[in-house]
Amino acid sequence: MDKWMNSPWFIRIFSLLLALMIYVSVNIETQSNSTSRNTVGQTDVETVTDVPVVAYYDQENLVVSGIPQSVNVMLEGPKSIVTPTKLQRDFEVYVDLSKLPIGKHTVPLKYRNISEKLRVTIDPAIITVTIDERVSKDFSVEVDFINKSQVVDGYSPEQPIVKPNIVKVTGAKTLVEKVALVKARVDLKGVEETIERESKVTVYDKEGNVLPLDVEPSIVDITVPIKSPSKTVPLKIDRKGALREGLSISKMEVIPSEVTIFGQKAKIDDIEFISGIEVDLSDITGNTTLQVDVPVPKGVKAVDPAKVTILIEIEQEKERTFDQVPIEIIGLNDAYKAEFVDPANRNITLTALGAQRVLNDIQLKDIKVYLNVSELGIGEHNVPIEVSGPQNVRWKLPQKEATIRITRNE
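Given the structure is predicted, the values throughout are model-derived calculations rather than measurements.

## With respect to the overall build of the protein
Helix and strand content of the protein: 6 helices and 32 strands. Relative to a compact globule of 410 residues, whose C-alpha radius of gyration would be 22 Å, the protein shows 51 Å and is clearly more extended. Oriented by its inertia axes, the alpha-carbon framework of the protein measures out at about 170 × 80 × 50 Å. The proportion of buried residues among the 410 residues of the protein is 32%. Of all intrachain contacts in the protein linking residues separated by at least 6 positions in sequence, the fraction that spans at least 24 positions is 71%. Accessible surface, the protein: about 26000 Å² in total, of which carbon and sulfur atoms supply 48%. Distance between charge centres in the protein, computed from 49 positive and 59 negative side chains, equals 5 Å.

Pasting the structure below:
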């Protein structure tokens, strides 16, 4: 090792390396100092866009218009200050209106929290504002129907229900005084049943221009009842079974006797009555009140009322006899004539069985005794005797059939 240290070449090489290290070190330091001096001394210009404007005034009692939402701010000065100021955006652009009276004013925009070493330019620098008294007033909400003509055929909208139907409109007094209409809109395209919608409230002046005012609440709930095509039809009560022997129905009343059906016009036009309500007489032993559901026919959307009451009054069965009741012939072709063989006098004695008050009301004109010969030809025939008369009555005949002779007219 000592040998190398004492070598002339080693000393030369070491000296060269040491000189190079010193040169590099000095050069780096010089460049660093030069860069630092250039940065500190460099002037820069930057524009900060969309800077919000803060306004100071009595917001509880005043309304101000004309204040821009944002402005552009140009910063000029040392780059070391401009750059962080732009990036941090912790400065404020504001306008102080706290001491100004109601009216129109031209005022400068100001700024704060920006270094005094920077030159600041605000665009726009001056604004014109209008200060007005802040007022509130209640208005009723009207409903505006859209596409009213496009409601399904036969259906129609009725008076809408708005909740709440009164809203509070707040803003500049001069604008509130111009309010002519407060409306919410509902689209009725294709509607065929009651609808519920949420709708935005809009304020208009008498020319139909929208006014920039605050509304509380700004959204209301609207219910629009839709009137469906309807028709009133009676109910047909079907009876099954039979009352116990000795009992008779003195009265069967349906309350109400008619119901209203709703649906598309084409579907309800052909419905003349509603059937399908049955009363089982075998279950009834005395006066009875029944609550029954009304069937909804196919194609019908709803029936009103959905339930009806059936009142049934029961009495002991009595008898009443009707003598010499004529027998009619129906269904006879004009080319033929009929002659009674039995009974030869064409009359019959008829016994009615039912509640006494029902029997008392029967008149001879209410009874029709007849033979149906529509499918009979020439010759002698035994034909069932049929009786048509008041409801809730049974009929007792001395004979079930009559004998007639059909011949051709000469």
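## Section: unusual backbone geometry
Cis geometry marks the peptide bond from Asp123 to Pro124, where omega comes out at 0°. With respect to the element layout, Pro124 can be found in the loop between strand E7 (119-123) and strand E8 (126-140). In this structure, Pro217 follows Glu216 across a cis peptide bond, with omega equal to -5°. Take Pro217: it is sitting in the loop between strand E15 (214-216) and strand E16 (219-224).

## So, the sheet that holds strand E31 (residues 394-396)
Read from one edge of the open sheet, 5 strands run E30-E28-E25-E27-E31, paired in mixed fashion. Either end of the sheet is taken by a strand with one partner, and the two such strands are strand E30 (386-388) and E31. The mean inter-strand angle of the sheet, taken between neighbouring strand axes irrespective of direction, is 40°.

## Digging into the environment of Ile312
Relative to the helices and strands, Ile312 resides in strand E24 (residues 307-316). Residue Ile312 is classed as buried on the basis of its relative accessible area of 1%. Taking the C-alpha atoms as reference points, Ile312 and Val279, separated by 33 residues in sequence, lie 10.0 Å from one another. With sequence-adjacent residues up to four places away left out, Ile312 is seen in contact with Ile249, Lys251, Met252, Val279, Ile284, Gly286, Asn287, Thr288 and Leu290.

## Observations concerning the nonpolar core
Counting residues in each nonpolar core, the largest one holds 26 residues, and the members touching the most others are Val169, Val179, Val182, Val203 and Ile222. Counting residues per element, the ones that place at least two in this core are E8, strand E12 (166-172), strand E13 (181-187), strand E14 (195-204) and E16. Setting aside chain neighbours within four positions, we find Val179 in contact with Phe139, Val169, Val203, Tyr204, Leu211 and Leu213. In this structure, Ile237, Leu247, Ile284 and Val308 belong to the second largest nonpolar core, which totals 25 residues.

## Here we look at the domain arrangement of the protein
For the protein, the assigned domains are domain 1 (43-132), domain 2 (141-227), domain 3 (230-316) and domain 4 (318-408). Each of domain 1 and domain 3 has a C-alpha centre, and these two points are 80 Å apart.

## A few points about the pairing of strand E20 (residues 258-263)
Side chains Val259, Ile261 and Gly263 project from E20 onto a buried face, and the interleaved Glu258, Thr260 and Phe262 project onto a face without burial. Here strand E18 (residues 230-240) pairs with E20 via 5 bridges, running antiparallel. From the neighbouring strand, Lys231 faces E20, where its bridge partner is Ile261. As defined by bridge partners, E20 adjoins strand E23 (residues 300-304) across 4 bridges and the pair is classed as antiparallel. When the bridges of E23 are listed, Thr260 appears paired with Asp304.

## Details of the pattern of salt bridges
Side chains bearing opposite charge may pair, as long as their charged atoms lie close to each other. In the structure shown here, the tally under the stated rule is 18 salt bridges. Among the ionic pairs, Glu339 bridges to Arg405, the shortest N-O distance being 3.5 Å. Remark: Arg405 occurs in strand E32 (residues 401-408) and Glu339 occurs in strand E26 (residues 336-342); sequence separation between them is 66 residues. Accessibility expressed as a relative area gives 46% for Glu339, which makes it partly exposed. Connected through shared salt-bridge partners, Glu313, Glu315 and Arg357 make up one network.

## With respect to the packing of aromatic side chains
Overall, the coordinates contain 1 aromatic pair when judged by the stated rule. A centroid spacing of 6.1 Å and a plane angle of 75° characterise the contact between Tyr56 and Tyr94, whose relative ring orientation is edge-to-face. Of this pair, Tyr56 sits in strand E1 (residues 43-56) while Tyr94 sits in strand E4 (residues 92-96), placing them 38 residues apart in sequence. For Tyr56, a relative accessible area of 32% gives the class partly exposed.

## Some thoughts on the side chain of His381
Relative to the helices and strands, His381 resides in strand E29 (residues 379-384). One polar contact links the side chain of His381 to the main-chain carbonyl oxygen of Gly379, over a distance of 3.5 Å. Those residues in contact with His381, other than ones at most four positions away along the chain, are Leu376, Ala402, Thr403, Ile404 and Ile406.

## Considering the side chain of Ser228
Here Ser228 shows up in the loop between strand E17 (226-227) and E18. Given a relative accessible area of 12%, Ser228 falls into the buried group. Not counting residues up to four positions away in its chain, the partners in contact with Ser228 are Gly154, Tyr155, Phe262 and Gly263.

Conventions adopted
Residues numbered from 1 in each chain as written. Predicted model: local features only at pLDDT ≥ 70, side-chain atom pairs only at ≥ 80, totals over all residues. Heavy atoms only, no water. Helix = DSSP H or I, 4+ residues; strand = E, 2+ residues; numbered from the N terminus. Rg over C-alpha atoms; globule rule 2.2 N^0.38 Å. Buried < 20%, exposed > 50% of the residue type's maximum accessible area, 1.4 Å probe, protein only. Contact = heavy atoms within 4.5 Å. Areas by Shrake-Rupley, 256 points an atom, 1.4 Å probe, with all protein chains shown as cover. Lys, Arg positive; Asp, Glu negative; His and termini not counted. Charge placed at Lys NZ, Arg CZ, Asp CG, Glu CD. Pairing = 2+ DSSP bridges. Axes fitted to C-alpha atoms, helices over the stretch in contact; angles between N-to-C directions. Core = buried A, V, L, I, M, F, W, Y, C linked by side-chain atoms within 4.5 Å. Domains from an automatic or database assignment. Salt bridge = Lys/Arg side-chain N within 4 Å of Asp/Glu carboxyl O. Phe/Tyr/Trp six-rings, centres within 6.5 Å; stacked < 30°, edge-to-face > 60°. Polar contact = N/O pair within 3.5 Å; in protein donor to acceptor, adjacent residues only side chain to side chain.

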